[in-house]
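Chain by chain, the residues run as shown.
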Amino acid sequence: ATANYDSIPLVCFTGQVPEHLIGNDAFQEVDIIGVTRNIAKFVIMVRDREMLAQRIKEAFYIARSGKPGPVLVDLPTDVMAELGSTSYPTEVNIRGYKPNKGVHVGQLKKAITLLEEAKKPMFLIGGGVNLAHAQQEMTKLAEKIDAPVITTVMGRGAISTEHPLYIGNIGMHGSYAANKTADECDLMFSIGCRFNDRVTGEIKKFAPNAKIVHIDIDPAEIGKNVDVSIPIVGDVKTVLNQALEKAEFLDHSEWLEELSAYRSAPKFGKGVSGFINPREFIHKLSEKAPDDFIYVADVGQNQIWSASNCVIRNGRFLTSGGMGTMGYSVPAAVGAKMAGGDRIVLAVCGDGSFQMQMMELATICQEQLNIKIIVMKNDRLGMVRELQKNNYAGNYIAVFLDGSPDFVKLASAYGIPSASISRPDEIDSAIETLLSSRGPFLLECVVSEDESSL
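All chains use their own residue numbering, which begins from 1 and follows the written sequence. The predicted nature of this model means local features are confined to residues of pLDDT at least 70 and side-chain atom pairs, given and counted, to a pLDDT of 80 or more, with totals for whole chains, interfaces and linings taken over all residues. With hydrogens and water stripped out, all remaining heavy atoms of the structure feed into the side-chain values.

Colleague: How do you make sense of the packing of helix α5 (residues 105–117) against helix α10 (residues 236–246) when you look at a structure like this?
Modeller: Working note: a packed helix pair is described by the angle between its axes plus the distance between those axes. Here an axis means a line fitted to C-alpha atoms, over the contact stretch when the element is a helix, while the angle between two N-to-C directions is reported on a 0 to 180 degree scale. Put simply, DSSP H or I for four residues or longer makes a helix, DSSP E for two residues or longer makes a strand, and each gets a number counted from the N terminus. The contact between α5 and α10 brings their axes to 10 Å, and the two run at 55°. The angle between α5 and α10 falls in the class oblique. As α5 packs across α10, the resulting crossing turns out to be right-handed. Two secondary-structure elements touch here, α5 through V105, L108, K109 and I112 and α10 through V239, Q242, A243 and K246. Classes in brief: Ala, Val, Leu, Ile, Met, Phe, Trp, Tyr, Cys and Pro nonpolar; Asp, Glu, Lys and Arg charged; the others, Gly included, polar. Broken down by class, the residue content of the contact of α5 with α10 amounts to five nonpolar, one polar and two charged. Throughout, the term roughly parallel applies to angles under 35 degrees, roughly antiparallel to angles over 145, roughly perpendicular to angles from 65 to 115, and oblique to all others. Should the near helix be turned anticlockwise from the far one by less than a right angle, the crossing is termed left-handed; should it be turned clockwise, right-handed. We call two residues in contact whenever any of their non-hydrogen atoms come within 4.5 Å of each other.

Next comes the structure, spelled out in structure tokens:
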């Protein structure tokens, strides 16, 4: 479900009972096809050994092409055990599945015309730009149009957060300046964004003065949540390259100057005395990390602090957006490190989410992965506690983590160097130690249970 919402290409192979036992409630039989049909791009059971190679080839093609997503291949044990051809197909031709690779030139021309006519245009960037590896093209187009850029949480990093045209994140956990930009723009040029509820809030009040251009590789996303003036279906990178060819250099300095009144330097709040201010820590950590580092945020308060305060220049920001899956950061960081080579990978999580994944420390040791883990420790399920405090008069239930282990000792048991900090004056030296360590490192940051996500 996480891969489905966040458009992550994923191929899952599941074992099934022998064909002659299917439907008999045999030992360990689960109708996994029925269970996953609504949360996957495609699911299939292979019942013919001679079709196995073809189905595997198709699974990877479907997962990666068009709008990426998860594919599940269910394999009965008798099919897996049967010997057959070892040949593997080189091409895929699936009738009825022909992802659109082109761009409707007429629609794109109309969109460019709207950009040239607009007085207050803006770009709304979703995760689709990052998935298409189109960060450079996005930055060039923003500079050519001279228009402000706001991002969803999944779109963060599509343009450097230090770029003068970047305003911030939009939505319920976004910045005032970004939401104000959406309120006052007359053209919203949206690229790779689903317009989900956390972005739009009340639909009737969203971008009330704007015409909307919506670019997405999935036609089902266009017009699903908001009415659009010009729909464009196509691969984001292709669309951006063609837009760069057709667009003229524009000047929107007056509009940018107007927006400057809403912008402000990063504010971390006072924090709670005797504890680490998580916003300040995250900002300093990401500022001091190399330009191409990969930041993996978990879910909960740590995710909100991360999405609002981390600096992404030429790196990547990874998190669970659509499902908000706790326990995401460390295993995702393992994957990011395996693919990212020498790039520094930071996994930031809360003490609740870390305890849903801490067995992956064994994987990190076994694979000798240089991953830096930051655990925000407040002995609470912080986001749920915050909601219970604000909405249910502080009637707390199932949010206490006072039985948690000593994370420093836990890391030590795996042979991973670690440290714990609880005072603001320890932040700088701790970050230096973390980033300079040659292997995996775990840093515990003690934050107050009263720290809010806002």
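On we go from here.
Colleague: Looking at this structure, how should I read the sheet that holds strand β1 (residues 10–16)?
Modeller: In a beta sheet, neighbouring strands are held together by backbone hydrogen bonds and run either parallel or antiparallel to one another. Reading across the sheet, the three strands line up as β1-β3-β2 and stay open at both edges, with parallel pairing between neighbours. At either end of the open sheet lies a strand with only one pairing partner, and these are β1 and β2 (42–45). Neighbour to neighbour, the strand axes of the sheet diverge by 15° on average, direction disregarded. Summarising the sheet, β1 and strand β3 (residues 70–76) pair through seven bridges and their orientation is parallel. Paired strands, as defined in this entry, are two strands with at least two bridges between them according to DSSP.

Colleague: Would you mind going over the nonpolar core with me for this structure?
Modeller: Where a protein is soluble and globular, its nonpolar side chains tend to be buried together. Residues enter a nonpolar core if they are buried and are Ala, Val, Leu, Ile, Met, Phe, Trp, Tyr or Cys, with the set joined through side-chain atoms within 4.5 Å. Relative accessibility decides the category of a residue: with a 1.4 Å probe and only protein chains considered, values under 20% of the type maximum give buried, values over 50% give exposed, and everything between is partly exposed. Judged by nonpolar contacts, the single largest core of 35 residues is most densely connected at F123, I191, V213 and I232. Breaking this core down by element, the ones donating at least two residues are α5, β4 (121–125), α7 (135–145), β7 (187–191), β8 (211–216), β9 (230–233) and α10. Each residue touching I232, except ones within four places of it in the same chain, is listed here: V103, Q107, L108, A111, V213, H214, I215, D216, I222 and V239. Core analysis: the next-biggest nonpolar cluster, separate from the first, contains 28 residues, F281, L346, M376 and I431 among them.

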